[in-house]
Amino acid sequence: LKQTRRLQPYSVLSPAMPEFKMHEAFSGESGGEAEEHKTKGNDAFKAQNWDEAIKHYNKAIQLDPKQASFYSNRAACWSSKGNHDSALSDAKKCLEADPGFIKGYSRKAKALFDLGKLDEAEVGYKEGLEKEPSNAGCISGLADVKKAKEARRSASPWG
């Protein structure tokens, strides 16, 4: 007969298992801290301190990268600074994080509008209105796009 050795459970073989702590981004405990940074970012935004606001939104995103509002708020900062490419990038990230976050559509369309991409901006505002037909930001943005298109047509020698 062949003798079989029984293996002992891990705890018997190694009685002192090191204690591991999960990184705050994965533990679920960072939500409060992320919200604190969002609040500080909002305060800096209201004071028109765009760079300070961006720093706080960056930290909030680092702590909770799935929160759409953080990207949306940072997009507003970039837009206020005139960095429309970064605003567009953050608006897209916002919508990737939460396709139902309506402000993401208006942020994306505003960035496209500011980049002179009126047709794409119009599509962006219409996408937002498909989700929420009474959204004031998308309604006024769409009106701005139509005025800008009309002004372009009037200025063009070809009509």
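Residues numbered from 1 in each chain as written. Predicted model: local features only at pLDDT ≥ 70, side-chain atom pairs only at ≥ 80, totals over all residues. Heavy atoms only, no water.

**A word on the pattern of salt bridges**
Spelled out, the test is: Salt bridge, as used here, is a side-chain nitrogen of Lys or Arg placed within 4 Å of a carboxyl oxygen of Asp or Glu. Labels follow the DSSP assignment, with helices taken as runs of H or I lasting at least four residues and strands as runs of E lasting at least two, numbered in each case from the N terminus. Classification of residues uses two cut-offs on accessible area relative to the type maximum, computed with a 1.4 Å probe and protein chains only: under 20% is buried, over 50% is exposed, and between them is partly exposed.
All told, the structure shown has eight salt bridges when counted by the stated rule. Residues D90 and R74 are paired through a salt bridge, measuring 2.5 Å at the closest nitrogen-oxygen approach. Here the residue D90 occupies a position in helix 6 (residues 84-97), and R74 occupies one in helix 5 (residues 68-81), the gap between them amounting to 16 residues. This pair shows no difference in class: D90 is buried, exactly as R74 is.

**A closer look at the nonpolar core**
The cut-off we apply is this: Put simply, buried Ala, Val, Leu, Ile, Met, Phe, Trp, Tyr and Cys residues joined by side-chain atoms within 4.5 Å make one nonpolar core. By the convention used here, residues are in contact when the closest approach between their heavy atoms is within 4.5 Å.
A53, C77, Y125 and V145 are the most contacted members of the largest nonpolar core, which totals 19 residues. Of all the secondary-structure elements, those providing two or more residues to this core are helix 4 (50-63), helix 5, helix 6, helix 7 (102-114), helix 8 (118-131) and helix 9 (136-155). The contacts of Y125, once residues within four sequence positions are left out, are S106, A109, K110, G137, C138, G141, L142 and V145. Residues A68, F70, Y71 and C94 belong to the second largest nonpolar core, which totals eight residues.

**Some thoughts on helix 5**
Formally: Helix span is expected to be 1.5 Å times the residue number reduced by one.
Relative to the 20 Å expected for 14 residues at 1.5 Å per residue, helix 5 spans 20 Å between its end C-alpha atoms, a close match to the ideal helical length. In terms of burial, helix 5 is largely enclosed, as twelve of its 14 residues are buried. Three or more residues of helix 5 are buried, namely A68, S69, F70, Y71, S72, N73, R74, A75, A76, C77, W78 and S79. Each element contacted by the buried residues of helix 5 is listed here: helix 3 (31-46), helix 4, helix 6 and helix 7. At the C-terminal side of helix 5, G82 shows a positive phi close to 85 degrees.

**Here we look at the confidence of the model for the chain**
Quick reminder of the rule: The pLDDT score gives, residue by residue, the confidence of the prediction method on a 0 to 100 scale.
Residues at a pLDDT of 70 or more form 80% of the chain, whose mean pLDDT is 87. Overall, residues 10-15 carries pLDDT values under 50, and its contacts beyond four positions in sequence, including any with other chains, amount to two contacts. Here residues 20-29 is modelled with pLDDT under 50, and outside its nearest four sequence neighbours on either side it reaches eight contacts, counting other chains as well.

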